[in-house]
Amino acid sequence: MKTEDLVAMLATNVDAVPRKAASRQIGLALAVGLPLSVLLMATEYGVRRDLLTAFGWPMFWVKLLVPLCIAVFGFVAVQRLARPGVSPRRAWLGIVAPVLFIWLLGVLVLMSAPADVRATLILGQTWRSCVFNIAAISAPIFAASLWALKRLAPTRPAAAGAAAGAMSAGTGAAVYALHCPELAAPFLAIWYVIGMALPVLAGAAIGPRLLRW
Amino acid sequence: MGMSDAEQLLRDLCIRGLDGDAQAYHAFLLKLGMHLRAFLSRRLFGWPDEVEDLVQECLLAIHNQRHTYQPEQPLTAWVHAIARYKMIDFLRAKAGREALNDPLDDDLEIFAESAIDASDTRRDLNGLLDTLPDRQRLPIVHVKLEGLSVVEAAQRTGMSESAIKVGIHRGLKALALKIRRRE
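Being a predicted model, the structure only gives us computed values, none of them experimental.

A. Molecular detail of the domain arrangement of chain B. Segmenting chain B into domains produces domain 1 (3-114) and domain 2 (125-180). Partitioned by chemical class, the residues of the side of domain 1 of chain B that touches domain 2 of chain B number 2 nonpolar, 2 polar and 1 charged.

What follows is the structure, given as structure tokens:
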């Protein structure tokens, strides 16, 4: 085959392509995955009954905004990593900083708490199920975002998979926060972070195999 | 012509191509082919025969992934990232196949020179197209090789216009996969 013939074929009747494909595809993945995650949370776990009251508590907002921040910067990172030659740059900081913040807050709360309540602050009532629940609620968004990445061109598939995991994990944890009864920073610093780490690790592990092109 | 002039020219042609200007897009791919040939032969001097294979693989990948280019990014950064990705993929496959052979020949310099010219590759476009299912092969043959419009191709094949477009899109992706696997 002559390269000129290939070029002639590719250029014949070529269509205009829409702009901002990466953001649109990943946005579409969120639009498909997020309602499924909310539905899963609402039907399997149930929205907490005192949700309206909870909106008045600062710790509830911490529990909501820490994962949301991870989700937003996860989106920025993944739509950048989906395009060849574009590095995520500072987006990683936006994913790591909320984790450092909740760790710091958790340590401060533990240090200032009396010794006999520390175990409760760490374990709460739901530590056994929290990690699994967050990963499960993230799953629809995770699957949809990998499907979107397959239509794009990540040249660093492990990083792209991890970023897709971070976006899904942050979104999933924020959705789970609408159900979860826990409010202690040490609890969030351990179980929420582990729950969110699972999709990130899964993305890094399956990215190189799944996202080849 | 300096590097930034080449960048400017290629980028203009590319953006016009992305907006549907087939003539500009054709010129873009031809110039890009030359650029890729130089880029890859500098790096693959041990495998001169493979350079043109890889140039074609990169051109097809660039075409299939052209929606991931955004004009605010330097075009060469985007192109080189794709070329590097394809080259590493190729070297990995090569390392798997030829783990025990020394791939470097004695007369490297001669090969490095000769590789600058475009050469045919052993792969055959029609042969590759024949391996695709009709719903992908026919749209590509009618629209991309014979130059019929999508409407005409739809009439000719009895397929819908959107099926023609999807067939072209999926067919070119399938071709890229076959080339990558060196089938």
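Let us keep going from here.
B. Broad picture of the interface of chain A and chain B. Each partner contributes residues to the interface: chain A has 29 residues there, and chain B has 39 residues. Breaking the side of chain A that touches chain B down by element, the ones donating at least two residues are helix H1 (3-11) and helix H2 (21-45) of chain A. Here the side of chain A that touches chain B takes 8 residues from H1 of chain A, the largest share from any one element. Among the residues forming the side of chain A that touches chain B, the class breakdown is 18 nonpolar, 5 polar and 6 charged.

C. Region of interest: helix H7 (residues 127-150) of chain A. An ideal rise of 1.5 Å per residue puts 34 Å on 24 residues; H7 of chain A measures up with 35 Å between its terminal C-alpha atoms. Of all the bends in H7 of chain A, the greatest reaches close to 45° and is centred on Ala139 of chain A; the proline Pro140 of chain A follows between one and four positions later.

D. Structural view of the environment of Leu52 of chain A. Assignment of secondary structure puts Leu52 of chain A in helix H3 (residues 51-54). The exposed category is assigned to Leu52 of chain A, around which 8 C-beta atoms lie within 10 Å.

E. Fine view of the packing of helix H4 (residues 58-81) of chain A against helix H8 (residues 157-177) of chain A. Residues and elements named next belong to chain A. Interhelical geometry of H4 versus H8 gives an angle of 155° and a closest axis separation of 7 Å. Relative to H8, H4 is oriented roughly antiparallel. Handedness of the H4/H8 crossing: left-handed. Facing Lys63, Leu64, Pro67, Leu68, Ile70, Ala71, Gly74, Phe75, Ala77, Val78 and Leu81 of H4, the residues of H8 in contact are Ala159, Ala160, Ala163, Ala164, Ala166, Met167, Ala169, Gly170, Thr171, Ala173, Ala174 and Ala177. Across the contact of H4 with H8, the residue classes tally to 19 nonpolar, 3 polar and 1 charged.

F. Looking closely at the nonpolar core. Ranked by internal contacts, the top residues of the largest apolar core, which has 59 residues, are Ala77, Val78, Ala82, Ala160, Ala163 and Ala166 of chain A. Within the residue set of this core, elements represented by two or more residues are H2, H4, helix H5 (91-112), H7, H8 and helix H9 (185-210) of chain A. The contacts of Val78 of chain A, once residues within four sequence positions are left out, are Ile26, Ser145, Ala160, Ala163, Ala164 and Met167 of chain A. Listed in part, the 53 residues of the second largest apolar core include Phe28, Tyr69, Tyr85 and Ile164 of chain B.

G. Layout of H2 of chain A. Residue and element names in this part refer to chain A. Taking 1.5 Å per residue as the helical rise, H2 with its 25 residues ought to reach 36 Å, and the 35 Å between its terminal C-alpha atoms agrees with that figure. Three or more residues of H2 are buried, namely Ala21, Ala22, Gln25, Ile26, Ala29, Gly33, Ser37 and Met41. For H2, the elements touching its buried residues are H4, H7 and H8. Looking one or two residues beyond H2, the residue adopting positive phi is Gly46, at roughly 90°.

How each quantity is defined
Residue numbers restart at each chain and count upward from 1, following the sequence in its written direction. Chains and ligands are labelled sequentially in the order written, the chains with letters from A and the ligands with numbers from 1. Only residues with pLDDT of at least 70 get local features here, since the model is predicted, and only at 80 or more are side-chain atom pairs given and counted; chain-wide, interface and lining totals rely on the full set of residues. The split of the chain into domains comes from an automatic or database domain assignment. Think of it as three bins: nonpolar holds Ala, Val, Leu, Ile, Met, Phe, Trp, Tyr, Cys and Pro, charged holds Asp, Glu, Lys and Arg, and polar takes everything else, Gly as well. Throughout, a residue-residue contact means that the two C-beta atoms, derived from backbone geometry, are no farther apart than 7 Å. Strands here are runs of E lasting at least two residues and helices are runs of H or I lasting at least four, both read from the DSSP assignment and numbered beginning at the N terminus. A helix is expected to span 1.5 Å multiplied by its residue count minus one. The angle between axes fitted to the seven residues ending at a residue and the seven residues starting there is what we call the bend at that residue. Backbone-placed C-beta atoms define the burial measure: a residue is buried with 20 or more other C-beta atoms within 10 Å of its own, exposed with 12 or fewer, and partly exposed in between. Here, axes are lines fitted to C-alpha atoms. For helices the fit covers the stretch in contact, and angles between N-to-C directions go from 0 to 180 degrees. For classification purposes, angles smaller than 35 degrees are called roughly parallel, those larger than 145 roughly antiparallel, those between 65 and 115 roughly perpendicular, and all remaining angles oblique. Handedness of each helix crossing follows the sense of rotation of the near helix against the far helix: counterclockwise by less than a right angle gives left-handed, clockwise gives right-handed. Put simply, a nonpolar core is buried Ala, Val, Leu, Ile, Met, Phe, Trp, Tyr and Cys residues tied into one set by C-beta atoms within 7 Å.

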